[in-house]
Each structure stands twice: as C-alpha cells, then as structure tokens.
Amino acid sequence: MDFTFTEEQQAAVEASAAVFGGVAPDGVPSPALTAGAVADDFDRALWAKLADADLLSLLLDPAYGGAGLDAIALCLVLRESAKVLARVPLLESTAAAVTVQEYGAEETKAGLLARAGRGEVVLTVAANGRTGHEPAERAVTARRDGDVWTLDGVQTAVAWAHGADFVVVPAHTDDDRTLLALVPRGHEGTVLGEQVSTSGERLGELRLESARIPGGQVIEAEGAWERLRDLLTTGTCALALGLGERVLHMTSAYTGKREQFGFPVATFQAVAVQAADRYIDLRAMEATLWQAAWRISTGAAGTGTGGTAKDTAAGTAGGALPVAGDVAVAKIWASEGVRRVVQTAQHLHGGFGADTDSPLHRYHAWAKHLELSLGPAAAHEEALGDLLATHPLG
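Along each chain, numbering runs from 1 in the same order as the chain's sequence is written. Restriction of local features to residues with pLDDT of at least 70 applies here, the model being predicted, together with a cutoff of 80 or more for giving and counting side-chain atom pairs; totals for whole chains, interfaces and linings are based on all residues. Side-chain metrics in this entry use all non-hydrogen atoms of the structure; hydrogen atoms and water are not considered.

With respect to the secondary-structure elements, alanine 159 resides in strand E3 (residues 148–159). Accessibility here uses a 1.4 Å probe with only protein chains present; expressed as a share of the type maximum, an area under 20% marks a residue as buried, one over 50% as exposed, and anything in between as partly exposed. Owing to a relative accessible area of 18%, alanine 159 belongs among the buried residues under this scheme. Separated by 45 residues in sequence, alanine 159 and glycine 204 have C-alpha atoms that sit 6.7 Å apart. Any two residues whose heavy atoms approach within 4.5 Å at even a single point are treated as in contact. Residues within four places of alanine 159 in sequence aside, it is in contact with Glu92, Thr124 and Leu203. Helix numbers and strand numbers start at the N terminus; a helix is a DSSP run of H or I with at least 4 residues, a strand a run of E with at least 2.

Here the expected length of a helix is defined as 1.5 Å per residue gap, with one fewer gap than residues. Look at helix H6 (residues 224–257): 50 Å from first C-alpha to last across 34 residues, which is about the 50 Å you get at 1.5 Å a residue. The buried fraction of H6 amounts to 25 of the 34 residues, a majority that puts the element mostly inside the structure.

Successive residues of a regular strand alternate their side chains across the two faces of the sheet. In terms of burial, E3 is a largely internal element, 10 of the 12 residues being buried. Two strands qualify as a pair provided that DSSP identifies no fewer than 2 bridges between them. Here 6 bridges tie strand E2 (residues 140–145) to E3, and the two strands are oriented antiparallel to one another. Within E3, the position partnered with alanine 142 by the bridge is leucine 151. Between E2 and E3, which follow one another and run antiparallel, lie 2 residues, and glycine 146 among them has a positive phi close to 70°. With 9 bridges joining them, E3 and strand E7 (residues 202–214) adopt antiparallel strand pairing. Across the sheet, glutamine 155 pairs through a bridge with leucine 206, a residue of E7.

Moving on, we get to the pairing of strand E6 (residues 190–196). The pairing of E6 with E7 spans 7 bridges and is classified as antiparallel. Paired with valine 196 across the strands is arginine 202, a residue of E7. With antiparallel pairing between neighbouring strands as the criterion, E6 and E7 make up a hairpin whose turn holds 5 residues, including glycine 200 at a positive phi of roughly 90°.

The salt bridge criterion pairs a side-chain nitrogen of Lys or Arg with a carboxyl oxygen of Asp or Glu, the two atoms within 4 Å. The final tally for this structure, using the stated rule, is 28 salt bridges. In this structure, the salt-bridge partner of aspartate 281 is arginine 340, at a minimum N-O distance of 2.9 Å. A residue pair is termed long-range when its members are at least 10 positions apart, and aspartate 281 in helix H7 (residues 269–298) and arginine 340 in helix H8 (residues 323–349) qualify at 59 residues. Its salt-bridge partner being glutamate 371, residue lysine 368 comes within 3.0 Å of it at the nearest N-O pair. Of the two residues, lysine 368 and glutamate 371 both sit in helix H9 (residues 360–374), 3 residues apart, roughly one turn of that helix. The exposure class assigned to glutamate 371 is buried, which follows from its relative accessible area of 15%.

Everything listed here is a matter of geometry and, on its own, says nothing about what the molecule does.
Given below as structure tokens:
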C-alpha cells in the first residue's frame, strides 16, 4: 500500500501552512479572560485569506471554481488550522458546500457554490439535535405543503450560526425519511438564541416554528445527511489531531528547557514515559483518521486491504464494515486521545499550563470543546459493537 499523500494534497498543506503561519495562538481570545462569548463573529480577515488561497473551494468541482480534491485534503488543512486555533467555519462551510454539490438541485448549486468557494457565502450545519444527546435529524420535523417544506423543532449548539448565511438543518418526515434544508439566517419562522461553547465561541440555538423553506432549498436525496455527518465527524477528528500535535510539541519544548535538580525534566523517566504514551495516542488518532477519510473519499470496500472496489455507505455484504465503522473508530481515538494529550500537557507544565499568559489554557478549552463535540468514546464503542454484531465479515 502507498500511504503518501498526492502532490495536490501536499500543495493544500503548504498553502494552508502559509496562511495559518500568520496566526498567533496568543492572540486568540481566551474564554478564561472574557465574560460570555469571546467574540461576536469568526475571524473574517483570516476567512478572506483562506478564500484568496483557494482553500475554501478545495472540494468543489472546477465548474464552481474549485480544485476537485477530497476529504483527505480537507482533513490535512483542518489539521493545520487547529494547530493555531483558527477561528473560522472551515469544516462546516466546506462540508455543507460539498454536500450541496453532490446532492442539491442544479439551481441551488449554481447560485451558491461558486460564492461559497470565494468566501462570499458562509454555510454551517445544525448537527447536535435538540439536546446534544440525540440524533440531529430527530430534533426537527418536516412537512410538505405543495412546493414548500414546513419545519418545526430545535437544534442546539449550532456552530458559527450568528455569522453564517445559511444553516443546513437535518429533519425527518412523516414517512421517516431524512432531508436537509438550507435555512437562511433571519428567515421567517426562525429564532436564533445565544449560547457559548467551552472554547468561548458564540453558538446558536436555532428554533424553527413553522418555518417555510422552498423545495429548491431542500435536499431529499437518500444518504445526503449520512454523508454530511461522516464528513463533519472526520473533520472534527482532524482538528483534534492537529491540536494534540501542537500541544505535545509545546510540552516537549517546555520540558526540554525546564530544569529540576540541575537536569531538564524531559530527561526524567516518568516524564518521558508520559510523553511517549501521548505520542502513541496521536499516531493512533492519525492512522484511524486517514482510514476514515480514505473511505469517505473513495467509497472503497476494503479496510486495509489495498483494494480499489467502490462501495456504498452501507458496506458490502460479507465484506468490510460500512464507512460508519471506520468513522466510529476514528471518533473513539480522537475523543479519548485529545483529552489525554491536554491533561498530560497540563500536568507536565505544572501551574504554568493554567496561567492565562500561556496559550496552553486556550488549547485545553478548545480540546474540551472538540471532545464534547465528538461525544464519549463509550457511545462510539457501542455503535461499533452494533455494527460488528449485525454485519457479516469475511
């Protein structure tokens, strides 16, 4: 098997490193120093730089001004963004746009995608349901009324909702189908409440009360929500990996210069063993992330076999697990791994790690938000167990 990235994917990493290289984590607003949300909006200046570098259109087809790359390229860029705590809706907007590209109506694609790729239109996704502990598609109902769909329900903790132009809302119909509605900000029948994330970012509680959405702005295609959800989850795993890698690098640098008893603390066996354990966590996070991203990008049926056969999200009978299995494994490692990395970093930094003069406390807050976004590993292990119990292997 060839595990190297393509030239196009490597070029995306280089372009993103150039853009994010100008972001100072020390300048990222601290939730420990700010009452309420750290800012009213995301970093528009950085968003414009990403657009100028063509990083907002990575997954879009050339017909819409994009590069036509895949989920692996997006995850590579997200990994770089997390290293500097970039305050932009890169994951949500890109994932929503590529879902519209794959499943949306031609009129919607023509009017939306090129503008999204240029950063002129910002998209986000309501992916947490009513409470954050239930499937998002069950939190909103959708009823057809001629050429219009009427939506009712609540979606909590919608990332970047106050700055996005459209929120992609999953909803279920009377016949138990899931559809995706593109709800404009400030649309009649919607109320956007104030919420704040663990990282201090402004979230929105979106209430829909008989909100009428034209049929052209509703995606009814089967598999659209599952595709979007898998891409969001895998992208979040990429953010956790990038953040964890930067935190371990910070910890290595600190313990290498911090001395006790006349020696750098990095030379102490107890410190070295803890750092090595966290390195193992990161490598496991990385391997499972690329496996999930590869499955999403190619639809390949094989897991670790080197095969090139195409597969649907449901998997092949008697073959590999569905894509959801690889995503679940990536989530397990990311949610547990990022927590262990930042906890060890705080321990090895001592009191300095909690000092608001150090950027580490910001990384800790962002890591906790990512961990909560991914959910507990036990839930993913249960989902993986269900897949293993019902899907024949071999």
